[in-house]
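Geometric and topological summary
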Amino acid sequence: VRVDGFVGFTKVTSGKPDKSIDPDAIPTDTPKGTFRIASKMPVKHMGNGEITADIEAYELPGVPWVCFFEPVTGVALHGTYWHNHFGIPGSHGCVNLRNEDALFLYRWTTPVAGPNDWNKIGFGTKVIVY
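Residues numbered from 1 in each chain as written. Predicted model: local features only at pLDDT ≥ 70, side-chain atom pairs only at ≥ 80, totals over all residues. Heavy atoms only, no water.

1. Things to note about the overall build of the protein
The number of helices and strands found in the protein is one helix and eight strands. Mapped in sequence order, the helices and strands of the protein form the string β-β-β-β-β-β-α-β-β. Since a compact globule built from 130 residues should have a radius of gyration of about 14 Å, the 14 Å found for the protein is in line with a globular shape. Within the structure as shown, the protein displays about 8100 Å² of accessible surface, and the carbon and sulfur contribution to it stands at 57%. Here the protein carries 12 positive and 13 negative side-chain charges, and the mean point of each set is 12 Å from the other. (Helix = DSSP H or I, 4+ residues; strand = E, 2+ residues; numbered from the N terminus. Rg over C-alpha atoms; globule rule 2.2 N^0.38 Å. Areas by Shrake-Rupley, 256 points an atom, 1.4 Å probe, with all protein chains shown as cover. Lys, Arg positive; Asp, Glu negative; His and termini not counted. Charge placed at Lys NZ, Arg CZ, Asp CG, Glu CD.)

The structure is reproduced here in structure tokens:
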């Protein structure tokens, strides 16, 4: 992943392609191409919306420093508190970052989100996924 303008390097966890053959499933590999940050949120509940006791279920409350760049499927750059195996694909499509790296990008990219902005929307910083 490259964010417009060089600011540094970090390992990330990108999407791990789902091996299922379900044509209606949302792809879990990280989409490649050129995007713009469309919205930013300081924290977001992410998941499939199916509340369950299954420890492996895809429900992640309180995901920090979220920068959405793919508006159709909701793929974002964001912090990660549930793992630390960066450099290995394993997400449901998003780009997982260490929390401190996600905070840096959240503050550095546009649209600029102020301390009272819960959801800042705008045509923001370019993101290139390759």
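2. Concerning the environment of cysteine 67
Topologically, cysteine 67 is positioned in strand S4 (residues 59-70). Separated by twelve residues in sequence, cysteine 67 and glycine 79 have C-alpha atoms that sit 9.6 Å apart. What cysteine 67 contacts, discounting residues up to four positions off in sequence, is Ile37, Ser39, Lys40, Val75, Ala76, Leu77, Tyr106 and Thr109. (Contact = heavy atoms within 4.5 Å.)

3. Observations regarding the layout of surface pockets
Which parts of space are left empty comes out when a probe the size of a water molecule is rolled across the atoms. In this structure, the second largest pocket encloses a volume near 380 Å³. What lines the second largest pocket is a set of 16 residues, among which Ile26, Gly47, Tyr58, Thr73 and His92 lie closest to the centre. With four residues, the top contributor of residues to the lining of the second largest pocket is strand S3 (residues 39-47). When its residues are assigned to classes, the lining of the second largest pocket shows seven nonpolar, eight polar and one charged. (1 Å grid on protein atoms, 1.4 Å probe; cavity = no way out; pocket = protein on both sides within 12 Å on 5 of 7 lines; lining within 4 Å. Points joined across faces, edges and corners; volume = space filled by probe spheres on them. Nonpolar A, V, L, I, M, F, W, Y, C, P; charged D, E, K, R; others polar.)

4. Examining the nonpolar core
Membership of the largest hydrophobic core comes to 13 residues, with the highest contact counts inside it found for Cys67, Phe69, Leu77, Leu97, Val127 and Val129. Elements represented by at least two residues in this core include exactly S4, strand S5 (75-79), strand S6 (95-97), helix H1 (99-108) and strand S8 (126-129). Looking at this core, the element that brings in the most residues is H1, giving three residues. Met46, Leu60, Val66 and Phe68 belong to the second-largest nonpolar core, a separate cluster that totals eight residues. (Core = buried A, V, L, I, M, F, W, Y, C linked by side-chain atoms within 4.5 Å. Buried < 20%, exposed > 50% of the residue type's maximum accessible area, 1.4 Å probe, protein only.)

5. Considerations on the sheet that holds S4
If you walk across this open sheet you meet the five strands as S6-S5-S4-S3-S7, and the pairing is mixed. This sheet does not close on itself; its edge strands, each paired only once, are S6 and strand S7 (120-121). Pairing geometry for S3 and S7, over two bridges, is antiparallel. Its bridge partner lying in S7, lysine 40 is registered against lysine 120. (Pairing = 2+ DSSP bridges.)

6. A closer look at the pairing of S3
As judged from the seven bridges shared by S3 and S4, these two strands associate in the antiparallel manner. Within the sheet, the bridge partner assigned to lysine 44 lies in S4 and is valine 63.

7. Regarding unusual backbone geometry
Looking along the chain, the bond that leaves threonine 110 and enters proline 111 is cis, with omega of 5°. Within the fold, proline 111 resides in the loop between H1 and S7. Despite not being glycine, tryptophan 65 has its phi angle at roughly 55°, a positive value. Positionally, tryptophan 65 belongs in strand S4.

Limitation: the analysis is restricted to geometry and does not speak to function.
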